[in-house]
Amino acid sequence: MSLISAFLKQTIYMGMPDDSVLKREGTVVPAPNFSASGDAAVLDKAIKVKGVDEKTIIDILVKRSNEQRQQIKEAYQQSSGKPLEAALKNALEGRSGGCGAGAVENSGPV
């Protein structure tokens, strides 16, 4: 019985592509119904609210693809006149370790 069990465990992996063959892509997919200016406005409000709305900031940034985050960054700059990274860094200083500001850096697929 153990021989059959060992054989079955090995056959599960047969026919599956090697990791080196798989394309390395990010795990975050573009958000549907995306609006860079809408997200920028929500982020601006979350940054300016008393006590900073960290949950909203995180919810938006982690659910947008890198390309969408770059568009939000541009929209925020146009609407507020200041860089999103600086606004996040100032708002989150001493809170989340600046992880919000790091999320909008152009770092490729996540």
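Relevant structure appears above.
All values derive from a computational prediction rather than experimental measurement.

Asks: Even after reading the chapter, I still don't get the pattern of salt bridges, so can you show me in this structure?
Replies: Evaluation of the coordinates by the stated rule reveals 4 salt bridges. Between R64 and D39 there is a salt bridge, with the nearest N and O atoms lying 2.6 Å from each other. Residue R64 is located in the loop between α3 (54–62) and α4 (66–80), and its partner D39 is located in helix α2 (residues 36–48); the two are separated by 25 residues in the primary sequence. D39 shares its class with R64; the two are buried.

Asks: What am I meant to see in the packing of α2 against α3 here?
Replies: In helix packing, the relevant descriptors are the interaxial angle and the interaxial distance, both defined with respect to the helix axes. Across the interface, α2 lies against α3 with an axial gap of 9 Å and an inter-helix angle of 155 degrees. Taken together, the axis directions place α2 and α3 in an arrangement best described as roughly antiparallel. The interaxial crossing formed by α2 with α3 has left-handed handedness. Where α2 abuts α3, its residues D39, V42, L43, A46 and I47 lie against T56, I57, I60 and L61.

Asks: Explain α2 here, please?
Replies: In an α-helix, one turn spans 3.6 residues, which is why side chains three or four residues apart end up on the same side. Taking 1.5 Å per residue, 13 residues should reach 18 Å; α2 reaches 18 Å between its end C-alpha atoms and fits that length. Within α2, the full set of buried residues consists of A36, D39, A40, L43, D44, A46 and I47. Looking straight down α2, one finds its buried side chains confined to an arc of 165 degrees; they lie on one side. Away from its buried face by more than 90 degrees, α2 exposes S37, K45 and K48. Structurally, α2 contributes buried residues whose contacts are with α3, α4 and α5 (84–92).

Parameters at a glance
Residues numbered from 1 in each chain as written. Predicted model: local features only at pLDDT ≥ 70, side-chain atom pairs only at ≥ 80, totals over all residues. Heavy atoms only, no water. Salt bridge = Lys/Arg side-chain N within 4 Å of Asp/Glu carboxyl O. Helix = DSSP H or I, 4+ residues; strand = E, 2+ residues; numbered from the N terminus. Buried < 20%, exposed > 50% of the residue type's maximum accessible area, 1.4 Å probe, protein only. Axes fitted to C-alpha atoms, helices over the stretch in contact; angles between N-to-C directions. Parallel < 35°, antiparallel > 145°, perpendicular 65-115°, else oblique. Left-handed = near helix turned anticlockwise from the far one by under 90°. Contact = heavy atoms within 4.5 Å. Expected span 1.5 Å × (residues − 1). Arc of directions from axis to C-beta.

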